[in-house]
Amino acid sequence: MHINWSALGEVALVSLLFGVGLAVLFAFGVTAMSRRAVAIDEKRQPSFVDTGVAALCFAACLAAVLYGLYLIIPQFH
């Protein structure tokens, strides 16, 4: 039996980077939504930038999850 250590390391590194990246992206979206909620609580007009950043972050997270499901489920290929 032969183990391709370089391929195993590559898969582990990419998985780690995408896992951490997805968590950070989601955290940016939550932070933007909380800034928007604070503005509403303080009776200020919420920033369109915060709303847009939150929407883009959550959309990117959703796209990454759907792409992962596409790669995992063989009926989609």
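Keep in mind it's a predicted model, so treat the numbers as computed, not measured. (Residues numbered from 1 in each chain as written. Predicted model: local features only at pLDDT ≥ 70, side-chain atom pairs only at ≥ 80, totals over all residues. Heavy atoms only, no water.)

A. Quick look at unusual backbone geometry. Phi is positive for lysine 43, which is not a glycine, with a value near 60 degrees. For lysine 43, the position within the fold is in the loop between α1 (5–41) and α2 (48–72). (Helix = DSSP H or I, 4+ residues; strand = E, 2+ residues; numbered from the N terminus.)

B. Molecular detail of the packing of aromatic side chains. A complete count under the given rule lists 2 aromatic pairs for this structure. Ring geometry for phenylalanine 26 and phenylalanine 58: centres 5.3 Å apart, planes at 55 degrees, overall tilted. Here phenylalanine 58 lies in helix α2 and phenylalanine 26 lies in helix α1, a separation of 32 residues in the sequence. For phenylalanine 58, a relative accessible area of 29% translates into the label partly exposed. Relative to tyrosine 70, the ring of tyrosine 67 has its centre 6.3 Å away and its plane inclined at 25 degrees; by these criteria the two rings are stacked. Separated by 3 residues within a single helix, tyrosine 67 and tyrosine 70 lie in helix α2, roughly one turn from each other. Tyrosine 70 sits in the partly exposed class, given a relative accessible area of 37%. (Phe/Tyr/Trp six-rings, centres within 6.5 Å; stacked < 30°, edge-to-face > 60°. Buried < 20%, exposed > 50% of the residue type's maximum accessible area, 1.4 Å probe, protein only.)

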